[in-house]
Amino acid sequence: MEDSWQLLSVSALLKPDGRGRWRRLTAFDAEHRVPVEVYISERTGLRVMLAQVPGPLVTGLACVATEALDNPPRWRQDDGMAHILEHLVMAGSEDFPYNGVLDQEALVSASASSSSPSSSSTPPSSSSSIKAEKDRKDNLLLLLPPGGPTKAWHDTDYTGYTLTTAGAAGFLVLLPVLLDHVFFPLLSPSAFLTEIHHINGQGRDGGNVYEEMRAVEAAGGEGGGKGSPRQRLLEMLYPPESGYRAMTGGRSSKLRQVTREGVLDFHREFYRPDNVALVVTGRVEVKELFASLEGIEAKLLKAARTAGAAGTGPGRFLGSFLGAGSTPIDVRRRPWFHCVEAATMVPPSSSSSSSSTGGGPRIDRITYPSTASFSFHSKDRQQQDHHPLQQQQDEEEECQALLGWLGPSWEDFQANLAWRILLLYLVEGTSAPLQRMVLEMGVCRTLTFGMQEGRRGMCYLTFEGVRSQDLERIYPAFKDLLEEEGGGQEGEGGLDMGRIRALIHRERMRYLSDIEEDPYASLTSLLLYAFLYGKREGEKTQGEGGKEGTVSEAEEAAQLKDRVQNTVSRLEALPCREESVEDKRYWKQLLQGTLLDASKTVLVLARPNSNLTRAREEAEEERQKEQAQWLGVEELAKRGLALVAAKEEMSRPCPPQLLDALLASAPVAAGGVGGGKDGGLLPSVPVCTVRNVLTPSGKAVFEVLSTITHDNSCSSGGSSNDKDEYEDQEAREGGKDEDDLTLPTPAFTVKDTNNERGVLSTALKVAQALHANGLGAESPFDPQGRPYHLPFFCQWDHVEATEFVTVTVWLETSSVPDHLRPLLELWLEVLFDLPIRQEDGSLWSPREVARYLQADTVSASNALGTGRSNFYAGIWSQAASVTLKVEADKHWHAVRWLRNLLYRTEMCPEQVKNAATKLLGEIEGYQQDGMSVCSGLMRGLTFDACRSNHAATSFIRQYGVLTAVLQRLRTHPLGILTELTALQEALTQPWNLRVHVVCDVLAQPDPVRPWLRDFLPLTQARLATKVLQVAAAAAMGGESKGGQEQRQQREGALGTSVDSSFSSSSTSGTAPAGSTEGQSGDEDDIGPSLLPLALSSLRCPVVESRTLRTIECLNPSGKGLLISSPAIDAGYLIQCAPFDPHADDLFYGSPGYAALLVTMEYLIRHAPLQQQQRHSSPYSSHTSRGHTTLAGSTAAAAASAAASLPAAVPAAGSYELTCSPEQGILTLSFYKSPNLTVAYTEAQDLVRAYAGGALEIDTHALAAAKGAVMFEYLDRVWTGPAAAQQSFMNYFRGTSPRFCVETIAAVQEVREVEVVRAVRKHVLRLFDVTRTSMVAACPSSQALSLKFDLVRKLGRPVVESGTIERVLARVVAEEDSMSETESSTSCSDTSLAMELLERGGGGEGGMEGMKDWVGEVVMRRPDRLLIAAAAMAGVAFALAQKR
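One numbering rule holds for all chains: residues counted from 1, following each sequence as written. Only residues with pLDDT of at least 70 are given local features in this predicted model, and only at 80 or more are side-chain atom pairs given and counted; all residues enter the totals for whole chains, interfaces and linings. Side-chain numbers come from the whole structure's heavy atoms, not from hydrogens or water.

Novice: What's the story with the overall build of the protein in this structure? I'm lost.
Specialist: A helix here means a DSSP run of H or I that spans at least four residues, while a strand means a run of E at least two residues long, and both kinds are numbered starting from the N terminus. Across its full length, the protein carries 49 helices and 36 strands. Buried residues are those whose accessible area, probed at 1.4 Å on protein chains only, stays under 20% of the maximum for their type, while exposed residues exceed 50% and partly exposed ones sit between those limits. Among the 1443 residues that make up the protein, the fraction classed as buried is 61%. The long-range share in the protein, meaning contacts at least 24 apart out of those at least 6 apart in sequence, stands at 79%. The protein chains shown are the only cover counted for residues, whose accessible areas, like all others here, come from Shrake-Rupley with a 1.4 Å probe. Element-wise, carbon and sulfur atoms account for 51% of the exposed surface of the protein, whose accessible area totals about 54300 Å². Contacts are residue-level and defined by heavy atoms, with any inter-residue pair within 4.5 Å sufficient.

In structure tokens form, the structure reads like this:
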């Protein structure tokens, strides 16, 4: 071991003459941004691809090229060997023969042992040595991802093992450990029994891999299991000998036959160093990287010398690399190299119904197992209450249709890009031809496309949610549409070349955006596929005239560089000239030669069948009974004992001393993460912030904030004097005098939590640039009467060198009338599909809007809160947002588009209907998911049904709302259009706006002027400016009230003052040029309730959800709700307890909040009991073929300030703890639990044991928990866009610019006593049934027993039960009764519209006359808002009819 891990001199690793141990193949800058270097080991052939991505994280991917081929008798195609090794490799290696060596707890334990005096025979010589050892521990091991630094997964053509750390020091230490597992795994019999397959003492089959694939096969659908539509598509496209059609996860029937010897052979064949690439992204020094690899290289060479002759071990494949590196590679053993052209016409499966009509595609009609359709055929279906719409959905099974084609080879770069553009043209956006077809015919719910790269690639279209009677219509409609698009002679007609050109440009910008937002994943993917399918030196090639040749090193390097560096230029080279007949012919030939060629097309028509699932389960049960009888009692006893022994061996903890020597030799990173006021390791992404803040006094102040952090060498380890010197140096290098680096005016103030004098010169330059462009002008109006001041909050975040501008308009929704709030979900869905009225009176159709928006933007999205999905409002749910991302030179375009979308759209019945139908179709999936059912109902219990977006937009409420909308659109469409118009007008008032701009401010010629000139309509801008002037005049006479009183005043005014705000906006005219009317500060021009409403909106960024909690939430009665359905697969439960963030010390940034974050992470992932459960979990750290089953998903925590930290419990499903200061709610959730009672009891006993002192906090596990939380917060600011998003969230949270960094520091200081205190004070209350609200969901068969357990065993006083179908039917009935009242007003709306038409419809100035008359009506009517909106909607509707 000492020989293999001996570190050689770093200077010997690279030689200037190129004859070193590593040969550099190529070096370049990916898209002229990120330096990339590729090296090949002269001794083993191992490839190292290093991308120097800036940021605090370092990731490494050990990629093993694998191919599923028949190789009898060693293995078969569907044995799942890649999947098996994915599990076995991480179960121990030769030098680290323990399961879970790379878990956080093992690493922290080793670090603590190595740094403690007792672990060394020689005590530290001084206190500085002790501090150095402590720093070493913190630097290397505390900042690891939740669940550990490693993950493993497999795909069709490779198996990947990742390592992720914060900083390079820990990465370089752990990398040899990971590679030792990859090249020298134990593959022990015990690991095989527990991880792969076994027969237990009862004769039942088990094993983590086996159970995982059984679940995949039972689920069917898109999971890729046996009999699934996608699997059948692959079987039709590729011949039997192709690995692309294999079930790489393994068929359960084949997994029962796999032998350990076959697994060993597969590892020897593919896990060779010349068949492995190490892709590293992050700031790592090349020489240090090679130094960390020297040990594993030496061990591989030693294995080659000792085992090569015997033909065992990985060393037997290294003979060609001993000596000179010029020996050609044996390309016959390279995976996928031998792959031949696949024929499309493949004999059909004997179990399917296949046909091919003359000249048509190959069609296969199959049924596949699906639990989703179980509710349609359940025994108790007739006993359930159904709404008519639900009955119609039940009768129409949702089927699938898949169309597939073989694509170009990976090497044909241009063809792959062209295929992607063609599919985007056909599918992406509402203006896409196929989407229009789907919309007009109504044949399916969703249409998507996919591409699979490979030696011979594949692309496919998936039609989901197809009614059974429409399955046969799919291909004829598809063919007719494509013939229309590809028809015409010599390029005439058909394809829209303008749209193709726009798509090419947008795809180019998307690619650059992906590299900027997630360079780790983007570059890793590019380098990975270049390794798998790129040219290799020494390979044979077929030249012109059939002449054979070999690939040179230069050719290999050129191709790799082309794929990684030239994607943008290759996209730009695609033909897209609008007037070019030749360019149009190129795309038509591509369309006609592939998608329209029936001989190259395969079609799978798939119908789900839950009876098939049941039949398979019954057959499997019968087989296992026969298996037990055949084995006999004696054999079963032996197998049971062997399994127990194997589990005991696999659960042995890793001795900390095993890693001592490795950790002791690790270098300490400069600055590190240990200690320090700011948490040590600071994010290295520079962001400067300037805010235009409107105060309640009516004045605007401009805050300058700096979240710039230097490299660790400049910040973490240095003093404040060092920082000042650095900033002075930066100012001198920037060519600026000290006098120039000052704030532009006294209205600009510095907000820096550390040191006001420490604001970087860049921040001051940003402030000066914004001021020079109009921010903070002295005069409120320009000579033309247009406001010079921004009458809304606006924040600029400066991200240096970004090529994009991202603008987000947040809309505070608390002023929305209660009866309109449920329409928010529909408004967000339809917003981008509405027609837009231009200034010249012309109308852009929805198709034109989609086309123009797609051409001008990189992306467009909207949301309700952060981390939001349909029917689920995220954190800060009372704010809706609309976001556009554009190129840096299209800032004006983005602002104009926001104005068009928010102020110039017109409601269209057809578009509203399409959006409502789409949303209603999505609800079916939610009502079949137990956690969605619990979450939807809990939000209805917890938040105010009228004022909270959480309650108004849950799928439970939306089911009734959308059903009523569709009904009203058929009977009285004007009413619903009126309400949507009123909703939009209420949202877009200036005082509800909070604007966020992310760009390189110093590179923008006009960072402010577009918002002054082109965003708000003139009437709105002038009105808002006058409101601020009146407020400023009023502030001169007295002091404003306190913040808390102001917030209460606002909340009280929301229900009464909003209506009158529109009277002023409706009657405000446009001042002529040079008029002084707009500069008047006279309060008489402002409505009596408008001023309090506008100013109350300025006093807080957004109303927090916790102010909208119900009485039941604040004072729980102990009642619970149990919902059952045949479609729900397991038990689910949510239990919530309220808290006061300030009284309980749980507000953002508080020490108590940091302690609770650590406590939750500790309890659900790192407590000793959880460690034991996680090690025995079937899917603790493995991801397989598109389905992920992780023991610690942290997506919710990364997306919001609420910590969401799930943990896997094999016997009881999974659970999570969350804490949201914004909502003021603690949540305990259980999901996918076979036995909720057991799950609840286990968690309760664990918490009570810690609270009562029966269990003590494990210091090593606590350190790992702290590191996981710290890593999550560091991960939030790892790129410029991510850091800018957090900067704006600081405004909502009311926290400092260094919130994430300060939270890291607070987490680092959490001690055991604080964890115990948090358990007793906060976590324990979640198990008190008298202080919590509860909602549970379960299968219908478990409803009675679970209700009994909830009352008798868990102590819930009262539990009300019902079915999800009854709940939805009741919601629909309530909405129907409401819509009857609303529809009675529709006739009066129409009459009002026609009266308006008669009054103002003719002659010039007709519209202005109508506006004046509307103002008169509004002032006379008590229901001013609704009538004003109805009037304006009626005007638009009537004028549209007249035209």
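Novice: Explain the sheet that holds strand β22 (residues 804-812) to me, please; I cannot follow it from the model alone.
Specialist: In any sheet, the strands associate via hydrogen bonds between backbone groups, in a parallel or an antiparallel arrangement. Paired strands, as defined in this entry, are two strands with at least two bridges between them according to DSSP. Overall, mixed pairing links the eight strands, which are arranged β20-β19-β18-β21-β27-β22-β26-β25 in an open sheet. In the strand order of this sheet, the two ends are held by β20 (748-750) and β25 (859-866), each with one partner. Each strand of the sheet is rotated relative to its neighbour by a mean of 20 degrees, with strand direction disregarded. Two strands pair when backbone bridges link them, and β22 and strand β27 (residues 993-999) are joined in this way by six bridges, in the antiparallel orientation. Paired with Trp810 across the two strands is Arg994, which belongs to β27. The strands that helix α26 (residues 891-903) touches are β22, β26 (875-887) and β27; relative to β26, the one it contacts most, it runs at about 135 degrees. The convention used is that axes are lines fitted to C-alpha atoms, helices contributing only their stretch in contact, and that angles between N-to-C directions extend from 0 to 180 degrees.

Novice: When you look at helix α15 (residues 497-517) in this model, what are you seeing that I'm missing?
Specialist: For an α-helix, 3.6 residues make a turn, and residues three or four places apart therefore share a direction. To estimate how far a helix should extend, the number of its residues minus one is multiplied by 1.5 Å. Along its 21 residues, α15 runs 30 Å from first to last C-alpha, staying within 8% of the 30 Å computed at 1.5 Å per residue. The buried count for α15 comes to 16 of 21 residues, which makes it a mostly enclosed element. Any N or O atom pair separated by 3.5 Å or less is treated as a polar contact, with the protein-specific requirement of one donor-capable and one acceptor-capable atom, and with residues adjacent in sequence counted only for side-chain atom pairs. Two to three positions downstream of the cap, the backbone nitrogen of Gly498 sits 3.1 Å from a side-chain oxygen, assigning the N-cap of α15 to Asp496.

Novice: Could you clarify how one ought to interpret the pattern of salt bridges in this entry?
Specialist: The salt bridge criterion pairs a side-chain nitrogen of Lys or Arg with a carboxyl oxygen of Asp or Glu, the two atoms within 4 Å. For the coordinates displayed, the defined rule picks out 56 salt bridges. With a shortest N-O distance of 3.4 Å, Arg24 and Glu37 are connected by a salt bridge. In this pair, Arg24 is assigned in strand β1 (residues 22-30) and Glu37 in strand β2 (residues 34-41), connecting sequence segments 13 residues apart. Here Arg24 falls in the partly exposed class, since its relative accessible area comes to 48%. Linked by salt bridges that have partners in common, Asp78, Arg232, Glu235, Arg251 and Asp364 make up one network.

Novice: Explain the side chain of Thr1159 to me, please; I cannot follow it from the model alone.
Specialist: Structurally, the position occupied by Thr1159 is in helix α37 (residues 1151-1166). Within polar-contact distance, the side chain of Thr1159 engages the backbone oxygen of Ala1155 at 2.7 Å. Beyond its immediate chain neighbours, meaning those up to four positions away, Thr1159 contacts Val1315, Ala1318, Val1319 and Val1323.

Novice: Sorry if this is basic, but what is going on with the environment of Gln1286 here?
Specialist: Looking at where Gln1286 falls in the secondary structure, it is placed in helix α42 (residues 1280-1293). When the C-alpha positions of Gln1286 and Arg1276 are compared, they lie 7.3 Å apart, and in sequence the two are 10 residues distant.

Novice: Got a minute to help me understand the packing of helix α30 (residues 955-971) against helix α31 (residues 973-987) in this structure?
Specialist: For any two helices packed against each other, one specifies the inter-axial angle together with the distance between the axes. It is at 6 Å that the axes of α30 and α31 come closest, and there the two elements cross at 125 degrees. Classed by the angle they form, the pair α30 and α31 counts as oblique. Judged by residue contacts, Val965, Arg968, Leu969 and Thr971 of α30 engage Pro973, Gly975, Ile976 and Glu979 from α31. In this classification, Asp, Glu, Lys and Arg are treated as charged, Ala, Val, Leu, Ile, Met, Phe, Trp, Tyr, Cys and Pro as nonpolar, and every other residue, Gly included, as polar. Grouping the constituent residues of the contact of α30 with α31 by class yields four nonpolar, two polar and two charged. An angle counts as roughly parallel when it lies under 35 degrees, as roughly antiparallel when it exceeds 145, as roughly perpendicular when it falls between 65 and 115, and as oblique in every other case.

Novice: Could you clarify how one ought to interpret the confidence of the model for the protein in this entry?
Specialist: The predicted coordinates of low-pLDDT regions are not to be read in fine detail. Looking at the protein, the pLDDT average stands at 77 and 71% of residues meet or exceed 70. A residue's pLDDT is the predictor's confidence in that residue, given on a scale from 0 to 100. This model gives residues 1038-1084 a pLDDT under 50, and the stretch forms 74 contacts once residues within four places in sequence are excluded. Scored below 50 in pLDDT, residues 1385-1390 shows seven contacts in the model against residues more than four places distant or in partner chains.

Novice: Would you mind showing me how to read the nonpolar core here?
Specialist: Buried together is how nonpolar side chains tend to be arranged in soluble globular proteins. Working definition of a nonpolar core: buried Ala, Val, Leu, Ile, Met, Phe, Trp, Tyr and Cys residues. They are joined through side-chain atoms within 4.5 Å. One finds Leu532, Tyr1162, Phe1230 and Phe1292 to be the most contacted residues of the largest nonpolar core, which totals 136 residues. Ranked by the residues each element gives to this core, the list is headed by α37, at 10 residues. With residues up to four places along the chain from it excluded, the contact list for Phe1230 reads Met931, Gly1131, Tyr1132, Leu1133, Ser1214, Tyr1215, Leu1236, Ala1239, Tyr1240 and Ala1243.

Novice: Sorry if this is basic, but what is going on with the pairing of strand β9 (residues 276-281) here?
Specialist: Consecutive side chains along a regular strand alternate between the two faces of the sheet. Across the six residues that make up β9, a large majority, six, are buried. Burial along β9 is two-sided: the residues Val276, Leu278 and Val280 and Ala277, Val279 and Thr281 are all buried. Pairing of strand β3 (residues 47-51) with β9 involves five bridges; the strand directions are parallel. Its bridge partner lying in β9, Ala51 is registered against Thr281.

Novice: Which parts of the structure should I look at to understand the pairing of β27?
Specialist: With respect to burial, β27 is a largely interior element, seven of its seven residues being buried. Alternating positions in β27 separate into two faces, Leu993, Val995, Val997 and Cys999 on one and Arg994, His996 and Val998 on the other, with burial throughout. With six bridges joining them, strand β21 (residues 793-799) and β27 adopt parallel strand pairing. In the strand pairing of β27, His798 is matched with Cys999.

Novice: Would you mind showing me how to read the environment of Leu503 here?
Specialist: Counting through the fold element by element, Leu503 comes out in helix α15. Sequence separation between Leu503 and Tyr425 is 78 residues; the distance between their C-alpha atoms is 7.1 Å.

Novice: I'm lost on the state of the cysteines in this one. Help?
Specialist: Here a disulfide denotes one covalent bond, and it connects the sulfur atoms of two cysteines. Throughout, a disulfide means two cysteine sulfur atoms within 2.5 Å of one another. Under the defined criterion, the tally for this structure stands at zero disulfides. Cysteine Cys1113 is unpaired, with the sulfur of Cys1136 as its nearest cysteine sulfur at 7.1 Å.

Novice: Just to check I follow, could you spell out the packing of aromatic side chains for this structure?
Specialist: Both the distance between ring centres and the angle between the ring planes are used here to describe each pair of aromatic rings. The rule is short: rings of Phe, Tyr and Trp, with Trp giving its six-membered ring, pair when the centres are within 6.5 Å, and they are stacked under 30 degrees, edge-to-face over 60, tilted in between. Taken as a whole and assessed by the stated rule, the structure comprises 39 aromatic pairs. Their ring planes at 50 degrees and their centres at 6.3 Å tell us that Trp75 and Phe270 sit as a pair that is tilted. One end of the pair, Trp75, is in the loop between β4 (57-65) and α1 (81-89); the other, Phe270, is in helix α9 (residues 260-270), with 195 residues separating them in the sequence. Neither residue differs from the other here; Trp75 and Phe270 are each classed as buried.

Novice: Explain the side chain of Asp856 here, please?
Specialist: Counting through the fold element by element, Asp856 comes out in helix α25 (residues 846-856). Lys890 provides the closest opposite charge to the buried, salt-bridge-free Asp856, at an N-O distance of 4.1 Å. Charged residues are defined narrowly, with Lys and Arg counted positive, Asp and Glu counted negative, and His plus the chain ends left uncounted.

Novice: How should I be thinking about unusual backbone geometry in this particular structure?
Specialist: Glycine aside, a negative phi is what most residues show, and trans is what most peptide bonds show. Note that the residue after Pro72, namely Pro73, is joined by a cis bond; omega there is 0 degrees. For Pro73, the location among the structural elements is in the loop between β4 and α1. With a phi close to 75 degrees, Trp336 is a non-glycine residue in the positive phi region. Its location among the elements puts Trp336 in the loop between α10 (286-307) and β10 (353-355). Notably, Ala801 is not glycine yet its phi reads approximately 70 degrees, a positive angle. Inspection of the secondary structure puts Ala801 in the loop between β21 and β22. When its relative accessible area of 57% is taken as the criterion, Ala801 is described as exposed.

Novice: Hey, could you run me through α42 in this one?
Specialist: An ideal rise of 1.5 Å per residue puts 20 Å on 14 residues; α42 measures up with 20 Å between its terminal C-alpha atoms. Counting buried positions along α42 yields 12 of 14 residues, so the element is predominantly enclosed. Restricting attention to buried positions, one finds in α42 the residues Gly1280, Ala1282, Ala1283, Ala1284, Gln1286, Ser1287, Phe1288, Met1289, Asn1290, Tyr1291, Phe1292 and Arg1293. Of the residues one or two after α42, Gly1294 is the one with positive phi, at around 75 degrees.

Novice: I'm lost on the packing of α1 against helix α5 (residues 189-196) in this one. Help?
Specialist: Where α1 meets α5, the closest approach of the two axes is 10 Å, and the angle between their N-to-C directions is 120 degrees. As far as their axial angle goes, α5 and α1 are oblique. Crossing handedness for the pair α1 and α5: right-handed. On α5, the residues that touch Ile84, His87 and Leu88 of α1 are Ala191, Phe192, Glu195 and Ile196. For any helix crossing, the convention is left-handed if the near helix is rotated counterclockwise from the far helix by under a right angle, and right-handed if that rotation is clockwise.

Novice: Looking at this model, I keep getting lost on the environment of Ala1283. Mind explaining?
Specialist: Within the fold, Ala1283 resides in helix α42. Spatially, the C-alpha atoms of Ala1283 and Val799 are 9.0 Å apart, while their sequence positions differ by 484 residues.

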